[in-house]
Amino acid sequence: MTTAQPQELDVQPTPLALLLLGREADPRSERGVECPGDLPSPSDPDLVARARAAKEKLGDKVFVLGHHYQRDEVIQFADVTGDSFKLARDAAARPEAEYIVFCGVHFMAESADILTSDDQKVVLPDLAAGCSMADMATAEQVAECWDVLTEAGIAEQVVPVSYMNSSADIKAFTGKHGGTICTSSNAERALNWAFEQGEKVLFLPDQHLGRNTAVRDMGMSLEDCVVYNPHRPNGGLTAEELRAAKMILWRGHCSVHGRFGLDSVNDVRERIPGVNVLVHPECRHEVVAAADYVGSTEYIIKTLEAAPAGSTWAIGTELNLVRRLANRFASEGKEIVFLDKTVCFCSTMNRIDLPHLVWALESLAEGTLVNRIEVDKETEAFAKLALERMLALP
């Protein structure tokens, strides 16, 4: 009896595999690097006082933005809170602020840099605060996708629509190819505009928001949608499938919202009779279809503000926001619970903690510019074009 010897396969690891293994670097990716210098210890009892003192010393020179998903210890120092686009616009409306400290993730800081003046400097307290969804569509992958659409003979019919949760490179691609940006609040308006410009839409990078908007809000069928997988030849689609589709959805998703399943909805309804299920449109289609209410983070907040006392809500979005809302409305007799039994924070958003914020503010107060996010001029011009198309939506 002989034993077959394993054959050596000539398999070369992909650039993405090498990146994940830490053996290669991608300077244009969302993945960041360690902060230079020494961070304050998380156990430092004076962190709050230090942040307050540094912010006070900077005065009107600094404007701190806090995304809804940030932890409370950081939110307390935000001058304004909101979603990514609202915060970027708020920064642009404060031209006297020399420093914009964005407590969010990388693509959000890029958007703020695109919309603010050249005199303003955008700072991200931790460069490693990226976004897994934005990372799922690189400029090289999207350019290859456009080549596939061109070979299928449909590129001239396709209008790209990119979610705000995308890198500056993807926004620039969108602007360069006649498309627009959308938020979770105006995705339907963006798609209506796009279908007035062309016959098909390439929706980047969140397949769920694209599908939910097309099917739930615009009356398309699931058969009108195909999913382009950048890790498969030709996106895993035939030319015939591409020609038949109205919505070409990029295979991307939010790691937080994508975890909610139909089981989560069924379970919470069984545990809490009469509960209202309110979810973000980045959730899977079956979750959105089973929910009572669907909308952006701003919609979620406004819905809970208007909810009657004594009502009960299960929320399908990031846990920091859900917990903050539960505490805020408890005194009004509103019960607010997390949709899933498993605790789930946005891990990259949570990289912005109090030590990083203190380090950034103290560095600026000492005259040292750190962790600046700066988009190159060509990318900025095309990305701004796509954003301006969104601002002009009817």
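*Asks:* An account of the packing of helix α14 (residues 297-306) against helix α15 (residues 319-329) is requested, with residue identities and associated values reported.
*Replies:* At a minimum axis separation of 11 Å, α14 and α15 run at an interaxial angle of 20°. One element, α14, and the other, α15, form an angle in the roughly parallel class. Regarding α14 and α15, the two cross each other, and that crossing is right-handed. Facing α14, whose interface residues are T297, I300, I301, L304 and E305, α15 presents L321, L325, R328 and F329. Within the contact of α14 with α15, the residues separate by chemical class into 6 nonpolar, 1 polar and 2 charged.

*Asks:* Any chance you could break down helix α17 (residues 377-391) for me, citing the residues and the numbers?
*Replies:* Here α17 is 15 residues long and its end C-alpha atoms lie 20 Å apart, about the 21 Å a rise of 1.5 Å per residue gives. Turning to α17, its buried residues are T379, E380, A383, A386, L387 and M390. An end-on view of α17 places all buried positions within 130° of arc, on one side of the element. In α17, the exposed positions that point more than 90 degrees away from the buried face belong to K377 and E378. On its buried face, α17 is in contact with α4 (84-92), α5 (106-115), α8 (168-176) and β6 (180-182).

*Asks:* Explain the packing of aromatic side chains to me, using residue names and the numbers behind them.
*Replies:* Considering all chains together, one arrives at 4 aromatic pairs under this definition. Where W146 meets F173, the ring centres are 5.6 Å apart and the plane angle is 80°; that geometry is what we call edge-to-face. Here W146 is found in helix α7 (residues 139-151), whereas its partner F173 is found in helix α8, with 27 residues between them in sequence. Geometrically, the ring pair formed by F260 and F338 is edge-to-face, given 5.5 Å between the ring centres and 65° between the ring planes. Here the residue F260 occupies a position in the loop between β9 (247-250) and α12 (262-271), and F338 occupies one in strand β13 (residues 335-338), the gap between them amounting to 78 residues. On the basis of relative accessible area, F260 is assigned to the buried category, the value being 0%.

*Asks:* Would you mind going over the side chain of T183 in detail, with residue names and values included?
*Replies:* Along the chain, T183 turns up in the loop between β6 and α9 (187-197). A distance of 3.1 Å separates a polar side-chain atom of T183 from the backbone nitrogen of S185. Beyond its immediate sequence surroundings of up to four residues, T183 is in contact with F85, Y163, M164, L209 and M390.

*Asks:* A description of the pairing of β9 should follow, citing residues and the corresponding values.
*Replies:* In β9, alternate side chains face the same way, and those of M247 and L249 on one face and I248 and W250 on the other are all buried. Looking at chain direction, strand β8 (residues 225-228) and β9 are connected through 4 bridges and run parallel. Its bridge partner lying in β9, V227 is registered against L249. Between the parallel elements β8 and β9, the chain passes through helix α11 (residues 239-244) in a crossover that is right-handed.

*Asks:* I'd like a rundown of the pattern of salt bridges, residues and numbers included.
*Replies:* Inspection of the entire model under this criterion finds 18 salt bridges. Between E96 and R94 there is a salt bridge, with its nearest N and O atoms 2.7 Å apart. You can call E96 partly exposed: its relative accessible area is 47%. Put simply, D118 and K377 hold a salt bridge, and the shortest N to O gap is 2.9 Å. With D118 in the loop between α5 and β4 (121-123) and K377 in helix α17, this residue pair connects regions lying 259 residues apart in the sequence. There is no split in this pair, since D118 and K377 are both exposed.

*Asks:* For unusual backbone geometry, give the residues involved together with the corresponding values.
*Replies:* At the junction of L204 and P205, the peptide bond is cis and its omega measures out at -20° in the coordinates. In this fold, P205 is placed in the loop between β7 (200-204) and α10 (207-217). A positive phi angle, close to 55°, is found at N234, a residue other than glycine. Here N234 is to be found in the loop between β8 and α11. Backbone geometry places N371, a non-glycine residue, at a positive phi of 50°. Counting through the fold element by element, N371 comes out in the loop between α16 (354-365) and β14 (372-373). By relative accessible area, N371 is classed as buried at 9%.

*Asks:* If you had to explain the nonpolar core to someone new, which residues and values would you point to?
*Replies:* In this structure, V101, F203, M247, V279, L304, I336 and L361 are the most contacted members of the largest nonpolar core, which totals 109 residues. With 21 residues, the next largest nonpolar core counts V142, V148, L242 and W250 among its residues.

*Asks:* Outline the environment of A137, listing residues and values.
*Replies:* The topology assignment puts A137 in the loop between α6 (132-135) and α7. For the pair formed by A137 and W250, sequence separation is 113 residues and the distance between their alpha carbons is 7.9 Å.

Analysis parameters
Residues numbered from 1 in each chain as written. Predicted model: local features only at pLDDT ≥ 70, side-chain atom pairs only at ≥ 80, totals over all residues. Heavy atoms only, no water. Axes fitted to C-alpha atoms, helices over the stretch in contact; angles between N-to-C directions. Helix = DSSP H or I, 4+ residues; strand = E, 2+ residues; numbered from the N terminus. Parallel < 35°, antiparallel > 145°, perpendicular 65-115°, else oblique. Left-handed = near helix turned anticlockwise from the far one by under 90°. Contact = heavy atoms within 4.5 Å. Nonpolar A, V, L, I, M, F, W, Y, C, P; charged D, E, K, R; others polar. Expected span 1.5 Å × (residues − 1). Buried < 20%, exposed > 50% of the residue type's maximum accessible area, 1.4 Å probe, protein only. Arc of directions from axis to C-beta. Phe/Tyr/Trp six-rings, centres within 6.5 Å; stacked < 30°, edge-to-face > 60°. Polar contact = N/O pair within 3.5 Å; in protein donor to acceptor, adjacent residues only side chain to side chain. Pairing = 2+ DSSP bridges. Right-handed = clockwise from strand over helix to strand, strands pointing away. Salt bridge = Lys/Arg side-chain N within 4 Å of Asp/Glu carboxyl O. Core = buried A, V, L, I, M, F, W, Y, C linked by side-chain atoms within 4.5 Å.

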